[in-house]
Amino acid sequence: MTIDAQILAALRNGKNCSVSGAELAIQFQLSRAAIWARIEELRSLGYEIEASPHEGYRLNKSPDLLHSDDLLARLGDSQKIGRDIRVFQETTSTNDVVERLARDGIAEGVVVFAESQTKGRGRLGRRWVSPSGKGLWFSILLRPTLSPQFITQITVASAVSLRRAIKQITGLTPEIKWPNDLLLNGLKIAGILTELSAEPDMIKHVILGIGVDVNLTSEDLPKELEGVATSLRIVTGRRLDRSGLAVQFLQQFERDYALLHSGRFEELADEWAEACSTLGKIVTIQTPGRLLQGRVEALDQDGALLLRTEFGRLERVLAGIVQSHPI
Ligand code: BTN
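None of the values given here were measured: they were computed from a predicted structure.

This part covers the side chain of Thr-284. If you trace the backbone, Thr-284 turns up in strand β10 (residues 282-286). Polar contacts involving the side chain of Thr-284 include one to the side chain of Gln-293, which spans 3.1 Å. In this view, Thr-284 contacts Leu-291, Leu-292, Gln-293, Ile-321, Val-322, Gln-323 and His-325; residues no more than four positions away in its chain are not counted.

Now for the pairing of strand β3 (residues 85-91). Strand direction decides the pairing type here: β3 and strand β4 (residues 111-117), joined by six bridges, are parallel. Bridged to Val-87 within β4 is Phe-113. Read as a crossover between parallel neighbours, the route from β3 over helix α5 (residues 94-103) to β4 is right-handed.

Near the ligand, the surroundings consist of 20 residues, among which Ser-93, Gln-117, Arg-121, Arg-123 and Lys-188 are the closest. A distance of 3.2 Å separates a nitrogen atom of the ligand from a polar atom in the side chain of Thr-94. Protein chains bury 99% of the 410 Å² of accessible surface belonging to the ligand in isolation. Taken together, the elements giving at least two residues each to the shell around the ligand come down to α5, β5 (136-142), β8 (187-199) and β9 (202-212). Broken down by element, the residue count for the shell around the ligand peaks at four residues, all from β8. Looking at side-chain class alone, the shell around the ligand contains six nonpolar, ten polar and four charged residues.

In this section: the pattern of salt bridges. Pairing is possible between side chains of opposite charge, provided their charged atoms come close. Throughout the structure, instances matching the rule amount to 26 salt bridges. The salt bridge partner of Asp-241 is Arg-74, with a shortest N-O separation of 2.8 Å. Taken as a pair, Asp-241 in the loop between α7 (232-236) and α8 (242-261) and Arg-74 in helix α4 (residues 68-75) lie far apart in primary sequence, 167 residues in all. In this structure Asp-241 comes out as partly exposed when scored by relative accessible area, which is 38%.

Turning to the sheet that holds strand β14 (residues 321-325), a few remarks are in order. The strand order across the open sheet formed by five strands is β13-β12-β11-β10-β14, and the pairing between neighbours is antiparallel. Where the open sheet ends on each side, the last strands, each with one partner, are β13 (314-317) and β14. Adjacent strand axes in the sheet meet at a mean angle of 45° when their direction is disregarded. By the bridge criterion, five bridges tie β10 to β14 in an arrangement that is antiparallel.

The next point concerns helix α9 (residues 265-275). For α9, every residue scored as buried is listed here: Phe-265, Leu-268, Ala-269, Trp-272 and Ala-275. Axial view of α9: buried residues confined to an arc of 125°, hence all on one face. Residues of α9 that are exposed and point over 90 degrees away from its buried face: Glu-266, Asp-270 and Glu-274. Check the buried side of α9 and you find it contacts α6 (151-170), β6 (175-177), α8, β11 (291-299) and β12 (305-309).

Procedures and definitions
- Residues numbered from 1 in each chain as written.
- Predicted model: local features only at pLDDT ≥ 70, side-chain atom pairs only at ≥ 80, totals over all residues.
- Heavy atoms only, no water.
- Helix = DSSP H or I, 4+ residues; strand = E, 2+ residues; numbered from the N terminus.
- Polar contact = N/O pair within 3.5 Å; in protein donor to acceptor, adjacent residues only side chain to side chain.
- Contact = heavy atoms within 4.5 Å.
- Pairing = 2+ DSSP bridges.
- Right-handed = clockwise from strand over helix to strand, strands pointing away.
- Near = heavy atom within 4 Å.
- Areas by Shrake-Rupley, 256 points an atom, 1.4 Å probe, with all protein chains shown as cover.
- Nonpolar A, V, L, I, M, F, W, Y, C, P; charged D, E, K, R; others polar.
- Salt bridge = Lys/Arg side-chain N within 4 Å of Asp/Glu carboxyl O.
- Buried < 20%, exposed > 50% of the residue type's maximum accessible area, 1.4 Å probe, protein only.
- Axes fitted to C-alpha atoms, helices over the stretch in contact; angles between N-to-C directions.
- Arc of directions from axis to C-beta.

Right under this line is the structure:
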C-alpha cells in the first residue's frame, strides 16, 4: 500500500475521531511535515480533512471519485481480488486495458476502473454507455484453474457477488436475468461481460468486465435505453458512494471466487437460482447459431441454462439473448 492509502486507512479506522499527526509520523516513519504534505495532497483531490493542532486529523468527507489508494485502503487485506487497483480518468474500454495487462503477464486479481469509457462494450457487440463519474466501469483479470467449459460459473459468481453488494449498499435486492444482467423493477442496472482467452482444455485468462449504473440521471441515459435501463440513483432517489459499492463487490467476489476454486459452486448456484427471474419462465433465446423457445428448468453444474424446448428436448444453453414471455 502507498503512504496515501495507509494514511487514508488510518483516518478511516479513526471513524469520527481525530488521529494525531505525531502518531501517523511514527507509524509511517515520516516527519510530521511529510504527513502534512500528504494531507494537503489528499485535500487537493477533494478529501475534506480537518486538522487541529491539538487533536490531529479527521476525515470528514470523501470526494465522489475513484482513487486507487482510497479503494486499496477501504478494501483492506485482500488475498487476490484487488491486490492491485488502477484507475483511469478515461479509456476506450477497461476490458482492453486488462487484456494488455494480461499479455504483459500481470498476476490475477488486478482491477482496472475508468471514470469514463469512450468505447465501452456490452455483450454481442453492443455499446455500453459509460458517462464520466456516474457509474462503476471496471474489469478484473482472472487466471482460474478451471477448464473453459466452466467459464459461465465465473459470470454466475460475479452476478451473485454484485447482487449482494448492491443489497448491502442500497437495501434493494436486484433480480438476475440469465446469465449476467441485474435488474431492478424489471430495468437493467448492471451488466457483466466475460471475455475468455483459452486453449482447448485450459483457460489462459478471463477478463471480467462489469458495468453498474450507479449515479446516472435519466438525462444520462440515451433514448434507446428508455424502458430498458435505469440507475441505482434513479431507483433510490439518492446519490450513492461508488467507491463503497466497488469495495463491497470486490470483497464479496474475493469470497465467491475462492468458493468456486474449492469446488463449492453449488452454494453460489443455489443463491443464483433464488435470485434468477429467468428460472421457470417461458423464453425465447437467440443463441449464436439458433433461436430456441421453451421453459427454463434449471442451471447446470457449469452455469449453463437448461431449457425444456417446445419439442420436449432438454437443451443446454451457454450464451444468448433471453426474452421472457408471460406464462
Ligand atoms: C452487458 O450487459 O452487455 C455487459 C456490459 C459490460 C460493461 C462493462 S463496463 C466495464 C467493462 N468494459 C467494457 O467495455 N465493458 C465492461
